[in-house]
Amino acid sequence: MNVIVRPVFNRPEMLYLALKYEQKARDYFDDDYYTIFAVDHGTSEECFEIIKTYKYKHEVVARPTRYKVCANIMEALKQACRLDIDYVINMEDDLVLHKSYFEFVNKAHNLVKDKKYSVITTWGYKDHGDPTILKRTDFSCGPGTVINKDFFITHMLPFANAGYYNNWVSTIQKVNALNKDNPNAKYNEKNAFTHLDWDGLMNRMVDYASYSSGIRGYSSLCYRLLHIGFYGFNRHGGKFPPELKTFEERVDFLEAGIYNPDVLTQLDGVYKDYSTFDSAVDTWNGTLIVED
């Protein structure tokens, strides 16, 4: 058993589709995951009702006060890593999985588990590329990323506390100092204090683990999930067309636009990182090899 962490906050249409496509992927290849729904304070009752339809092993952690994204996710990852697992997946409530997502994760983990990897990314490195390649990259991002338990405990758990949640800059100063002599560090003097949230911390620690211990990160060469979050914590401008009055209308509209990046880009109005799946992923035969 391994763990899926599902942070949730007030995006019921996206949550509904995220769980629908998770089921499609688990029908295709299931690895017996346990899910922790980390529901931030202030989430609508609609989201709780959607979670009630989830048929897999899970628990719901309803935050008593507003944690916001960083604390909510880090505390859920901390909870997951108390269990007897190899890894935890951060599966946000705005992600649509390809049917082969869990097959890819299973095979990628088994390929590199003896190498004590840090993370395996399934989104964000490249949207199109050879689906048979798992590349050493030391790239890291939040959505859909497989986080090795040992890496989290050694490199991220020391920062999973109120000191970081309440003062990102102070913590990131310390983390940047760890990488000051690392020639491959992604964050230098010019961008030392950009991307301070939990996934920015993780990205810095992926660099440090690679530099200090030779523990590498790996990435799919093509997307194994799609991000449909055209509004949310980091995306403030997006909104549904006003003529969509009901939940069902909004779900149908959003689902029809999942594979049309132009639709999501127009809804967002700011970000343009929406994409489609590479057609080669649909015919992937399950072969996976590691490449530098």
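Look up a bit, the structure's there.
Throughout what follows, the structure given in this document is the object of discussion.

Rules behind the numbers
Residues numbered from 1 in each chain as written. Predicted model: local features only at pLDDT ≥ 70, side-chain atom pairs only at ≥ 80, totals over all residues. Heavy atoms only, no water. Helix = DSSP H or I, 4+ residues; strand = E, 2+ residues; numbered from the N terminus. Rg over C-alpha atoms; globule rule 2.2 N^0.38 Å. Buried < 20%, exposed > 50% of the residue type's maximum accessible area, 1.4 Å probe, protein only. Contact = heavy atoms within 4.5 Å. Areas by Shrake-Rupley, 256 points an atom, 1.4 Å probe, with all protein chains shown as cover. Lys, Arg positive; Asp, Glu negative; His and termini not counted. Charge placed at Lys NZ, Arg CZ, Asp CG, Glu CD. Phe/Tyr/Trp six-rings, centres within 6.5 Å; stacked < 30°, edge-to-face > 60°. Lys NZ or Arg CZ within 6 Å of the ring centre and 35° of its normal. Pairing = 2+ DSSP bridges. Axes fitted to C-alpha atoms, helices over the stretch in contact; angles between N-to-C directions. Parallel < 35°, antiparallel > 145°, perpendicular 65-115°, else oblique. Nonpolar A, V, L, I, M, F, W, Y, C, P; charged D, E, K, R; others polar. Left-handed = near helix turned anticlockwise from the far one by under 90°. Salt bridge = Lys/Arg side-chain N within 4 Å of Asp/Glu carboxyl O. Patch = residues over 30% accessible without salt bridge, like charges linked within 9 Å, V, L, I, M, F, W, Y side chains within 5 Å.

1. Digging into the overall build of the protein
And step 1. Counting its secondary structure elements, the protein contains eleven helices and eleven strands.
And step 2. Taking 292 residues into account, the globule formula puts the C-alpha radius of gyration at 19 Å, and the protein, at 18 Å, falls close to it.
And step 3. Taken over the C-alpha atoms alone, the protein extends approximately 55 × 45 × 40 Å along its principal axes.
And step 4. Counting the 292 residues in the protein, one finds 57% classified as buried.
And step 5. For the protein, the proportion of contacts with a sequence separation of at least 24, taken over those separated by at least 6, is 76%.
And step 6. Of the accessible surface of the protein, which amounts to about 12,800 Å², a share of 49% is contributed by carbon and sulfur atoms.
And step 7. Taken together, the 34 basic and 40 acidic charged side chains of the protein have centroids lying 4 Å from each other.

2. Looking at the packing of aromatic side chains
And step 1. Within this structure, the stated rule accounts for eleven aromatic pairs.
And step 2. Residues Tyr259 and Phe277 carry aromatic rings whose centres are separated by 6.2 Å and whose planes lie at 50 degrees to one another, so their mutual orientation is tilted. Separated by 18 residues along the polypeptide, Tyr259 in the loop between α9 (247-256) and α10 (261-268) and Phe277 in the loop between α10 and α11 (279-282) bring together distant segments of the chain.
And step 3. Members of the aromatic cluster, joined through ring pairs, are Tyr33, Tyr87, Tyr101 and Phe102.
And step 4. Over the ring of Tyr21 we find Lys24; its NZ or CZ atom is 5.7 Å from the centre of that ring.
And step 5. Positioned above the aromatic ring of Tyr56 is the side chain of Arg26, whose terminal nitrogen or guanidinium carbon lies 3.8 Å from the ring centre.

3. Examining the sheet that holds strand β6 (residues 119-121)
And step 1. The strand order β3-β2-β1-β4-β8-β6-β9-β7-β11 describes an open sheet built from nine strands, whose pairing is mixed. With partners counted over all chains shown, the strands left at the sheet margins are β3 (58-62) and β11 (289-291), one partner each. On average, each strand axis in the sheet is inclined to that of its neighbour by 25 degrees, with strand direction left out of account.
And step 2. Sheet topology places strand β7 (residues 133-136) next to strand β9 (residues 218-220); three bridges connect them, and they run antiparallel. Looking across to β9, one finds that Lys135 is bridged to Ser219.
And step 3. In this fold helix α1 (residues 12-28) packs onto β1 (3-8) and β2 (34-39), with an angle of close to 165 degrees to the strand it touches most, β1.

4. Brief notes about the packing of helix α5 (residues 149-156) against helix α8 (residues 198-213)
And step 1. At a minimum axis distance of 10 Å, the contact between α5 and α8 shows a crossing angle of 100 degrees. Relative to α8, the element α5 is oriented roughly perpendicular. Residues Phe151, His155 and Met156 of α5 form the contact with α8, whose participating residues are Trp198, Met202, Met205, Val206, Tyr208 and Ala209.
And step 2. In terms of residue class, the contact of α5 with α8 is made up of eight nonpolar, one polar and no charged.

5. Observations concerning the environment of Glu22
And step 1. As for its placement among the helices and strands, Glu22 is situated in helix α1.
And step 2. Non-local contacts of Glu22, meaning those with residues more than four positions away in its chain, are made with Ile4, Arg6, Thr35, Tyr54, Tyr56, Leu97 and Phe102.

6. A few points about the packing of helix α7 (residues 168-178) against α8
Describing two packed helices takes the angle between their axes plus the distance from one axis to the other.
And step 1. Interaxial distance between α7 and α8 falls to 9 Å at its minimum, and their mutual angle equals 20 degrees. One element, α7, and the other, α8, form an angle in the roughly parallel class. Crossing hand, α7 versus α8: left-handed. Contacts from Ile172, Val175, Asn176 and Leu178 in α7 reach Leu201, Arg204, Met205 and Tyr208 in α8.
And step 2. Along the lines of polarity and charge, the residues of the contact of α7 with α8 split into six nonpolar, one polar and one charged.

7. A look at the pattern of salt bridges
And step 1. Scanning the model with the defined rule gives 17 salt bridges in all.
And step 2. The partner of Lys52 in a salt bridge is Glu49, with the nearest N and O atoms 3.0 Å apart.

8. Brief notes about a negative patch on the surface
And step 1. A cluster of like negative charges, contributed by Glu46, Glu243, Glu248, Glu249 and Asp252, occupies part of the molecular surface.
And step 2. Per-element accounting of the negative patch gives the leading share, three residues, to α9.
And step 3. With respect to the element layout, Glu243 can be found in the loop between β10 (225-227) and α9.
And step 4. Judged by its relative accessible area of 54%, Glu243 falls in the exposed class.

9. Brief notes about unusual backbone geometry
Note: most peptide bonds trans; most residues except glycine with negative phi.
And step 1. Even without a glycine there, the phi angle at Lys68 is positive, about 65 degrees.
And step 2. Mapped onto the elements, Lys68 comes out in helix α3 (residues 68-80).
And step 3. By relative accessible area, Lys68 is classed as partly exposed at 48%.
And step 4. Within the chain, His195 stands out as a residue other than glycine whose phi angle is a positive 60 degrees.
And step 5. Of note, His195 is situated in the loop between α7 and α8.

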